[in-house]
Amino acid sequence: MTAAVAPAPLKAKKRPGDRIFSGASVTAGSLILVILAAVALFLIAESIPALTASPDQVETGSFWTYVGPLVFGTIWAAAIALLLAMPVAIGIALFISHYAPRRIAQFLGYLVDLLAAVPSVVFGLWGIKVLAPFVLPSYNWIADNLGWIPLFAGPVSGTGRTILTVALVLAVMILPIVTAICREVFLQAPRLHEEAALALGATRWEMVQMAVLPFGRPGMISAAMLGLGRALGETMAVAMVLSPSVIISFVLLQSQNPTTIAANIALNFPEANGIGVNVLLATGLVLFIITFAVNAIARGVINRRKAFSGAN
Amino acid sequence: MTAVTSAPGLTTGRLPRFSTWGVLGVSWAIAGAVFLLLFIAGSMGEFSMVGTIFFGTALYVVAISTLSSIVEGGRQAKDRLMTALVTSAFVLALLPLVSLLWTTVSSGIGDLSLTFFSSSMRNVVGEGGGALHAITGTLLITGAATVMSVPIGIFTAIYLVEYGRGRLAKAITFLVDVMTGIPSIVAGLFAFAFFALILNQPGIRFGFGGAVALTVLMLPTVVRSCEEMLKLVPNELREASYALGVPKWLTVTKVVLPTSIAGITTGVMLAIARVIGETAPLLIIAGFTQSMNYNLFSERMMTLPVFVYTQYANPGSDPQINLDRAWAGALTLILIVMALNLIARLIARVFAPKLAR
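Only a predicted model underlies this, so the values are computations on that prediction, with no experimental measurement involved.

Reading guide: rules and limits
Residues numbered from 1 in each chain as written. Chains lettered and ligands numbered in written order. Predicted model: local features only at pLDDT ≥ 70, side-chain atom pairs only at ≥ 80, totals over all residues. Heavy atoms only, no water. Helix = DSSP H or I, 4+ residues; strand = E, 2+ residues; numbered from the N terminus. Buried < 20%, exposed > 50% of the residue type's maximum accessible area, 1.4 Å probe, protein only. Contact = heavy atoms within 4.5 Å. Areas by Shrake-Rupley, 256 points an atom, 1.4 Å probe, with all protein chains shown as cover. pLDDT = per-residue confidence, 0-100. Domains from an automatic or database assignment. Buried area = accessible area lost by both parts, 1.4 Å probe. Salt bridge = Lys/Arg side-chain N within 4 Å of Asp/Glu carboxyl O. Polar contact = N/O pair within 3.5 Å; in protein donor to acceptor, adjacent residues only side chain to side chain. Nonpolar A, V, L, I, M, F, W, Y, C, P; charged D, E, K, R; others polar. Axes fitted to C-alpha atoms, helices over the stretch in contact; angles between N-to-C directions. Parallel < 35°, antiparallel > 145°, perpendicular 65-115°, else oblique. Left-handed = near helix turned anticlockwise from the far one by under 90°. 1 Å grid on protein atoms, 1.4 Å probe; cavity = no way out; pocket = protein on both sides within 12 Å on 5 of 7 lines; lining within 4 Å. Points joined across faces, edges and corners; volume = space filled by probe spheres on them.

Draft legend 1. Spotlight on the overall build of chain A. Within chain A, the secondary structure is distributed over 10 helices and 2 strands. Of the regular secondary structure in chain A, the N- to C-terminal order runs α-α-α-α-α-α-α-α-β-β-α-α. Viewed in the frame of its principal axes, chain A has a C-alpha envelope of about 95 × 65 × 30 Å. In chain A, which comprises 312 residues, the proportion classed as buried is 55%. A fraction of 79% describes how many contacts in chain A between residues 6 or more apart in sequence connect residues 24 or more apart. Carbon and sulfur atoms provide 67% of the accessible area of chain A, an area that totals close to 14,100 Å².

In structure tokens form, the structure reads like this:
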């Protein structure tokens, strides 16, 4: 080839196999987007009758007065669960990443992951048959001794099927995901920072405080939000353990408890008909929007972190 | 202890090595003694093992940090306090796991019999009957969900790893992550809304709808794990293949996929294990029944998690019989999930490509 002739750009031969294969993979990828869009669209389509229904068709007057207490209950239960789970999850993650002997750390991680493998209906059964009777004495003690705090005011529910029990079960259920993400972030903490801290004479906790926790803070926040997302959408454990009523109430130990959107759907859907089905679907849409927002924010934070954590 | 005498002023005292376990043992013994006294005095119905461990551990946390702050100084004391707290956080998380597994096994094992696996609940009042219809339904629905989600999932992963550049790939990665957080009940509602509108049957219940709901839940997990596995395949393998003139699609099917097949299998099995226990979506769209149903496309179909739930929620005249059946179903479910998890991890370990030589 002489210098005068510009070399033609190299081009791979277009084979039919290649075209079909890349076409199939692009289609599969786009299908994910289509499915997600379909979830939103079909839920909206089925919710419209409930949103536009005349007040006499919905039990409580309008859809929004119906869904209000449910939204409150959903967020309230999930928030308590997160509050209970977060310190324990951070502790476990630190234990596995920085305290446990290196050789058994991976095995211990599996053990915590096993919790995630337990089906939620089994958690529900366990919550009502084992946990609720087990915590009841301590509820009585709390109500007797701390009852002056409005949160713990009596009279204590006789069955232990209160929102606090639900939050305990939810906390156990979200532990694995929160732990897994915290563990990942803690393991990514820059080795050199840790060694520098230890070399300056820091104790192990001081090292964790100086090098690991500040590095892991965004990861911990998004782990918390992912856990919150899980807790918001958890259905069966709540439906089985809670003795529900549609109210807004902050007390933790009484027998009147606000229920959650998901549990309300699970309990009422099998018998619902007519406009009732649409109302339940519309509450499902509200739940979808809430969890989508929480998850999207959490993932956004994680992904932004990923972009510059490679520099360390 | 000798270090203290050799360089006074530079180092502080250290607690002896055995102090951690020693203090823990003493704390437990003290708490146990207190509870034993309470038991003997008659103010408690039975000797509380849980109370002993709990208060013993709490006592340990206080004791070790006090001891340490006297002998070793404030900083070491804080370190020991946090070590104790972090470790007990881990143990605390294992308690529900152990309690749950123990309860399920001990309450479920009694009702696991041949009848349980060989008969349905049709025309069963009171004792007898089994979960055959539920097990069949679970296998059919989960199988259909797997058949639908695995090809889409693998192709999406191939797209993300081998082809995806630019905005579409970024959007898919992000949305797959978000999709893992979709509440399972929303997936069930989606399947219901979809088929109720498409087939124009407002009260629709059938097995295939459950499979679609499970597919929505399974897809993101399959995509994520396959993506991770495909990324692990070293680029040298791909380049060697290209250098031999092999087209891209053959490189993927003959080089990349076989290398990562063990990991992909593991990922798929873990995804199955995740959705096989889903209750809420199946309660919504597959409904519940007492009879066998082999047809995914018509009539209600029972599944194992829903079986457990309905046995608990709709008790007959003697609730204990139903509760026993619920526990037996729960045990079966846990056994299936654990088996899937175990096999998946074994496959990952045994068939992992030996890259380092």
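Draft legend 2. Quick peek at the confidence of the model for chain B. Residue and element names in this part refer to chain B. Per-chain confidence: chain B averages 82 in pLDDT, with 93% of residues scoring 70 or above. No element of chain B has a lower mean pLDDT than helix H1 (residues 2–6), which averages 46, and none a higher one than helix H10 (residues 235–243), which averages 90. pLDDT under 50 marks residues 1–7. Its contacts with residues more than four places away, or in other chains, come to 6 contacts. Note on the complex model: pTM 0.84, ipTM 0.83.

Draft legend 3. View of the domain arrangement of chain B. All names here are of chain B. Each domain of chain B was delimited in the assignment, giving domain 1 (19–111) and domain 2 (132–351). Between domain 1 and domain 2, the contact holds 9 residues from the first and 8 residues from the second. On the domain 1 side of the interface with domain 2, the three residues burying the most area are Thr104, Ser107 and Asp111, jointly 59% of the side's total. The interface formed by domain 1 and domain 2 includes 0 salt bridges. Where domain 1 touches domain 2, the interface holds 0 residue pairs in polar contact (both at pLDDT 80 or more). Partitioning the side of domain 1 that touches domain 2 into residue classes produces 4 nonpolar, 4 polar and 1 charged.

Draft legend 4. The side chain of Thr138 of chain B, seen in detail. Among the secondary structure elements, Thr138 of chain B is positioned in helix H6 (residues 132–163). Residues contacting Thr138 of chain B, with those up to four places away along its chain left out, are Gly143, Ile276, Met302, Thr303, Leu304 and Pro305 of chain B.

Draft legend 5. Here's a closer look at the packing of helix H7 (residues 166–179) of chain B against helix H9 (residues 207–232) of chain B. Residues and elements named next belong to chain B. Between H7 and H9, the shortest axis-to-axis distance is 9 Å and the interhelical angle comes to 125 degrees. If you check the angle between H7 and H9, you find them oblique. Between H7 and H9 the crossing geometry is left-handed. For the pair H7 and H9, contact is made by Thr173, Val176, Asp177 and Met179 and by Val216, Pro220, Val223 and Arg224, respectively.

Draft legend 6. Representation of the environment of Pro133 of chain A. Within the secondary structure, Pro133 of chain A is located in helix H4 (residues 120–146). Measuring from C-alpha to C-alpha, the distance between Pro133 of chain A and Thr165 of chain A comes to 10.0 Å, with 32 residues separating the pair along the chain.

Draft legend 7. Representation of the environment of Val147 of chain B. Mapped onto the elements, Val147 of chain B comes out in helix H6. Between the alpha carbons of Val147 of chain B and Ala280 of chain B there is a distance of 21 Å; along the sequence they are 133 residues apart.

Draft legend 8. Representation of the packing of helix H1 (residues 16–51) of chain A against helix H8 (residues 184–198) of chain B in the model. Running from N to C, H1 of chain A and H8 of chain B cross one another at 65 degrees; their axes reach a closest spacing of 9 Å. Taken together, the axes of H1 of chain A and H8 of chain B are roughly perpendicular relative to one another. The chirality of how H1 of chain A crosses H8 of chain B is left-handed. On H8 of chain B, the residues that touch Ala38, Val39, Phe42, Leu43, Ala45 and Glu46 of chain A of H1 of chain A are Val186, Leu189, Phe190, Phe192, Ala193, Phe194, Ala196, Leu197 and Ile198 of chain B. Residues belonging to the contact of H1 of chain A with H8 of chain B are distributed by class as follows: 14 nonpolar, no polar and 1 charged.

Draft legend 9. Highlighting the interface of chain B and chain A. At the junction of the two partners, chain B supplies 80 residues and chain A supplies 83 residues. Buried surface at the junction of chain B and chain A, both sides included, amounts to about 7,200 Å², of which 80% is carbon and sulfur. Contact with chain A buries area across many residues of chain B, yet Phe90, Leu100 and Tyr312 of chain B alone supply 9% of it, more than any other trio. Where chain B touches chain A, the interface holds 1 salt bridge. Notably, a salt bridge pairs Arg75 of chain B with Glu206 of chain A, separated by 2.8 Å at the nearest N-O pair. There are 9 residue pairs in polar contact (both at pLDDT 80 or more) connecting chain B and chain A. If you tally residues by element for the side of chain B that touches chain A, the top one is helix H4 (residues 74–108) of chain B, at 19 residues. Its residues assigned to classes, the side of chain B that touches chain A shows 57 nonpolar, 15 polar and 8 charged.

Draft legend 10. Here's a closer look at empty space enclosed by the protein. If you walk through the whole model with that rule in mind, you get 1 cavity of 30 Å³ or more. In this model, the largest cavity occupies a volume close to 40 Å³. Taken together, Ile177, Leu226, Arg230, Asn295 and Arg299 of chain A together with Thr180 and Gly181 of chain B make up the lining of the largest cavity. Those elements that provide at least two residues to the lining of the largest cavity are helix H7 (204–233) and helix H10 (275–309) of chain A. When its residues are assigned to classes, the lining of the largest cavity shows 2 nonpolar, 3 polar and 2 charged.

Draft legend 11. Representation of the environment of Val308 of chain B in the model. One can find Val308 of chain B in helix H13 (residues 304–313). On the basis of relative accessible area, Val308 of chain B is assigned to the buried category, the value being 0%. Separated by 20 residues in the primary sequence, Val308 of chain B and Ala328 of chain B have C-alpha atoms spaced 8.3 Å apart. With sequence-adjacent residues up to four places away left out, Val308 of chain B is seen in contact with Val121 and Leu125 of chain A together with Ala326, Gly329 and Ala330 of chain B.

Draft legend 12. Representation of the pattern of salt bridges in the model. All names here are of chain B. By the definition in use, this model includes 8 salt bridges over all chains. Arg224 is the salt-bridge partner of Glu227, the closest N and O atoms lying 3.3 Å from each other. Highlighted residues: Glu227 and Arg224, both in helix H9, separated by 3 residues, approximately one helical turn. The pair formed by Glu227 and Arg224 is uniform in burial state, with each residue classed as buried. Several salt bridges converge on common partners, so that one network encompasses Asp177, Arg224, Glu227, Glu228 and Lys231.

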